[in-house]
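Residue strings, one per chain:
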Amino acid sequence: MTAVLKFRFSGEVRRSQIQLADLDAGAVVRELNRLWPALGDRCLKYLDEDGDLCALCPETFADFLDHGAESGGKTVFRVEVGEAQ
């Protein structure tokens, strides 16, 4: 199955597709760096079921996977790109 990563930064959205089986916290960072190479290290967050922006890191990655939305046979994950770390 395919996963779609939608990165939002400063009002702009860029998307990437990756195999769901290959998706891990490192893959999210690599895809961000591929799409926006000039950004460098950034704080990544995702929206949980309570509407809170949660830090995306290896420790929260399983929870992040629970918040993907099915659309057109793909699982879509939205990632907010924040300030530089």
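It should be noted that the structure appears before, not after, this text.
All chains use their own residue numbering, which begins from 1 and follows the written sequence. Two thresholds apply to this predicted model, a pLDDT of at least 70 for residue-level local features and 80 or more for giving and counting side-chain atom pairs, whereas whole-chain, interface and lining totals are computed over all residues. The basis for the side-chain values is all heavy atoms of the structure; hydrogens and waters are excluded.

J.: I'd love a proper account of the nonpolar core, names of residues and values included.
T.: When a protein is soluble and globular, its nonpolar side chains tend to lie buried together. Leu5, Phe7, Leu23, Val28, Leu56 and Phe64 are the most contacted members of the largest nonpolar core, which totals 22 residues. Working definition: helices are DSSP H or I runs of at least four residues, strands are E runs of at least two. Numbering for both runs from the N terminus. Among the secondary structure elements, those contributing two or more residues to this core are strand E1 (2–9), helix H1 (25–35), strand E3 (42–47), helix H2 (61–65) and strand E6 (74–84). If you tally residues by element for this core, the top one is H1, at five residues. Throughout this description, the term nonpolar core refers to a set of buried Ala, Val, Leu, Ile, Met, Phe, Trp, Tyr and Cys residues connected via side-chain atoms within 4.5 Å. Accessibility here uses a 1.4 Å probe with only protein chains present; expressed as a share of the type maximum, an area under 20% marks a residue as buried, one over 50% as exposed, and anything in between as partly exposed.

J.: An account of unusual backbone geometry is requested, with residue identities and associated values reported.
T.: A positive phi angle, close to 50°, is found at serine 10, a residue other than glycine. Mapped onto the elements, serine 10 comes out in the loop between E1 and strand E2 (12–19).

J.: Mind laying out the side chain of serine 16, listing which residues take part and the relevant values?
T.: Here serine 16 lies in strand E2. Polar contact is defined as a pair of N or O atoms within 3.5 Å, subject to the rule that within protein one atom must be able to donate a hydrogen and the other to accept it, and that residues adjacent in sequence are counted only when both atoms are side-chain atoms. A polar contact is formed between the side chain of serine 16 and the side chain of arginine 34, at a distance of 3.1 Å. We call two residues in contact whenever any of their non-hydrogen atoms come within 4.5 Å of each other. If we skip the residues at most four places from it in the chain, serine 16 touches Ala3, Val4, Leu5, Glu31, Arg34 and Leu35.

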